[in-house]
Amino acid sequence: MGFKCGIVGLPNVGKSTLFNALTKTAAAQAANFPFCTIEPNIGEVPVPDARLYEIARIGGSKEIIPTRLSFVDIAGLVKGASKGEGLGNQFLGNIREVDAIAHVLRCFEDTDITHVEGRINPVEDALTVETELMLADLESLEKRVPTLEKKIRGQDKEAITALKLIERCLPLLQDGKAARTLEVSEDEQSAFNALNLLTSKPVLYVCNVEEEASESGNDFSGQVEEFAAEQGAACVIISANIEAEIAQLDDEDAKEYLADLGLAEPGLDRLIRTGYDLLHLITYFTVGPKEARAWTIPLKTKAPKAAGVIHTDFEKGFIRAETISYNDFVTLGGEQPAKEAGKMRLEGKEYVVADGDIMHFRFAN
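As the structure is a prediction and not an experimental result, all values here were calculated from the model. (Residues numbered from 1 in each chain as written. Predicted model: local features only at pLDDT ≥ 70, side-chain atom pairs only at ≥ 80, totals over all residues. Heavy atoms only, no water.)

Draft legend 1. Highlighting helix α8 (residues 240-247). Within α8, the full set of buried residues consists of Ala240, Ile242, Glu243, Ile246 and Ala247. All buried residues of α8 project into a common sector of 160 degrees when viewed along the axis, lining one side. As for α8, its buried residues are in contact with α1 (15-23), β6 (203-208), β7 (234-238), α9 (251-261) and α10 (267-278). (Buried < 20%, exposed > 50% of the residue type's maximum accessible area, 1.4 Å probe, protein only. Helix = DSSP H or I, 4+ residues; strand = E, 2+ residues; numbered from the N terminus. Arc of directions from axis to C-beta. Contact = heavy atoms within 4.5 Å.)

Draft legend 2. Focus on the packing of α8 against α9. One can describe the packing of α8 onto α9 by two numbers: an axis separation of 9 Å at closest approach and a directional angle of 150 degrees. Judged on the interaxial angle alone, α9 and α8 are roughly antiparallel. Where α8 crosses over α9, the handedness of that crossing is right-handed. Residues Ile242, Glu245 and Ile246 of α8 form the contact with α9, whose participating residues are Ala254, Tyr257, Leu258 and Leu261. Per-class residue counts for the contact of α8 with α9 are six nonpolar, no polar and one charged. (Axes fitted to C-alpha atoms, helices over the stretch in contact; angles between N-to-C directions. Parallel < 35°, antiparallel > 145°, perpendicular 65-115°, else oblique. Left-handed = near helix turned anticlockwise from the far one by under 90°. Nonpolar A, V, L, I, M, F, W, Y, C, P; charged D, E, K, R; others polar.)

Draft legend 3. Inspection of a negative patch on the surface at higher detail. On the surface, Asp250, Asp251, Asp253, Glu256 and Asp260 cluster together into a negatively charged patch. Along the chain, aspartate 253 falls in helix α9. You can call aspartate 253 partly exposed: its relative accessible area is 39%. (Patch = residues over 30% accessible without salt bridge, like charges linked within 9 Å, V, L, I, M, F, W, Y side chains within 5 Å. Areas by Shrake-Rupley, 256 points an atom, 1.4 Å probe, with all protein chains shown as cover. Salt bridge = Lys/Arg side-chain N within 4 Å of Asp/Glu carboxyl O. Lys, Arg positive; Asp, Glu negative; His and termini not counted. Charge placed at Lys NZ, Arg CZ, Asp CG, Glu CD.)

Draft legend 4. Focus on helix α4 (residues 122-153). For α4, with 32 residues, the first-to-last C-alpha span of 47 Å sits near the 46 Å given by 1.5 Å per residue. Along α4, the largest kink reaches about 35 degrees and is centred on valine 145; proline proline 146 follows within four residues of it. Within two residues after α4, glutamine 155 carries a phi angle of roughly 65 degrees, on the positive side. (Expected span 1.5 Å × (residues − 1). Bend = angle between axes of the 7 residues up to and from the residue.)

Draft legend 5. Seen up close, the sheet that holds β7. Taken in spatial order, the six strands make up an open sheet running β2-β4-β1-β5-β6-β7, and their pairing is mixed. Each end of this open sheet is capped by a strand with a single partner; those strands are β2 (41-46) and β7. Strand-to-strand twist across the sheet, computed as the mean angle between neighbouring axes with direction ignored, equals 25 degrees. Where β6 lies against β7, five bridges are found, and the strand directions are parallel. Bridging across to β7, cysteine 207 finds its partner in isoleucine 237. Together, β1 (4-8), β2, β4 (68-73), β5 (100-106), β6 and β7 form the strand contacts of α1, whose direction differs from that of β2 by roughly 45 degrees. On the sheet, α10 packs against β2, β4, β5, β6 and β7 and is oriented at approximately 170 degrees with respect to β7. (Pairing = 2+ DSSP bridges.)

Draft legend 6. Quick look at the packing of aromatic side chains. Inspection of the entire model under this criterion finds four aromatic pairs. Arranged with centres 5.8 Å apart and planes meeting at 90 degrees, the rings of tyrosine 284 and phenylalanine 361 form a pair that is edge-to-face. With a gap of 77 residues between them, tyrosine 284 in strand β8 (residues 281-287) and phenylalanine 361 in strand β12 (residues 358-363) connect regions that are remote in the sequence. The exposure class of phenylalanine 361 is buried, given its relative accessible area of 6%. Joined through ring pairs, the aromatic side chains of Tyr284, Phe318 and Phe361 make up one cluster. (Phe/Tyr/Trp six-rings, centres within 6.5 Å; stacked < 30°, edge-to-face > 60°.)

Draft legend 7. Molecular detail of unusual backbone geometry. The backbone phi angle of histidine 280 is positive, close to 55 degrees, even though this residue is not glycine. Although it is not a glycine, lysine 300 sits at a positive phi angle of roughly 75 degrees. If you trace the backbone, lysine 300 turns up in the loop between β9 (291-298) and α11 (303-310).

Draft legend 8. The pattern of salt bridges, seen in detail. The tally for this structure, following the rule as stated, stands at 17 salt bridges. Its salt-bridge partner being glutamate 291, residue arginine 293 comes within 3.9 Å of it at the nearest N-O pair. We classify glutamate 291 as partly exposed; its relative accessible area is 22%.

Draft legend 9. Summary view of the side chain of threonine 286. Within the secondary structure layout, threonine 286 lies in strand β8. Of the polar contacts made by the side chain of threonine 286, one reaches the side chain of tryptophan 295; its length is 3.0 Å. Here threonine 286 is in contact with Glu291, Ala292, Arg293, Trp295, Ile310 and Met359, once residues within four sequence places are set aside. (Polar contact = N/O pair within 3.5 Å; in protein donor to acceptor, adjacent residues only side chain to side chain.)

Draft legend 10. Quick peek at the pairing of β6. The buried count for β6 comes to six of six residues, which makes it a mostly enclosed element. Judged by which residues are buried, β6 turns out to be covered on both faces: Val203, Tyr205 and Cys207 on one side and Leu204, Val206 and Asn208 on the other are all buried. Bridging between β5 and β6 involves six bridges; their strand directions are parallel. Note on β6: the bridge partner recorded for leucine 105 is cysteine 207. One crossover worth recording links β6 to the parallel β7 by way of helix α7 (residues 219-231), and it is right-handed. (Right-handed = clockwise from strand over helix to strand, strands pointing away.)

In structure tokens form, the structure reads like this:
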């Protein structure tokens, strides 16, 4: 089950530097000119979770396998992208394929690095990108209306639902509001998702600051935090330069480097966790002598679907799930003590998996 978070932003804001640090590769060329990233680069990163290591320690597991999240580095956008300016069409096509957007904003001064608009104003940068996405959504929805109207004359129920959603969404976009602000009922969610609107995707604003501001931010990042709060979006402060340095160090040297800077953890750890939360994902665990492993599932996933993430046969033949909460597993000292204390539960097909559950699935071949 793949989940992709697209890294977007104007040229020269630190997108590719951040992506390189995330994936600890030089797959994305970082250079001081627009469009140095032409093809979207994809990198898988482990989701940091201290619980997995504690479970592995208690379970005596030989191997530890974290869950993963994909980040996609997408070519820089400029004004007019919705009309094909720069690499606009390619940018918009690539962004449609991701589940969430990590929008990198330049929150630092540096005369050696040019800004495509000739000024430093991260909120205006955010609005530039958002406007282009809204314009693209408007054009996309307006083009669909005639086709849907024809289908409705043939009593196509799906077309009726889609057109009603579009008629509610168009005024929002015309008023400069993102599609994600539309109130959608649970019954409408599937049809709304099928519209695949750029501005329906959840957004995380990433404030790329200078090294000195990496812990508490600066005036620029403060403006973005206020803007994000108004938008109901997430926000993370990070220094791409620091992360790039850390990416070149081994674990011990990285810890020492962070300590010297007064930082408790890499900013990328916060970015990954926030991206994970942004996608409404949770983690459950399996543990044994061979391995301790984290598995990613969407919030509100029922036990058979969660089992299917391991193998489709587990979902098809699902019988029950032996389940222990993380707190019980750790407090009591493992699976056997939890069983003896009556803390292992037998959960059926309707059980909604909770974040941190340790699970063992029983299934029929």
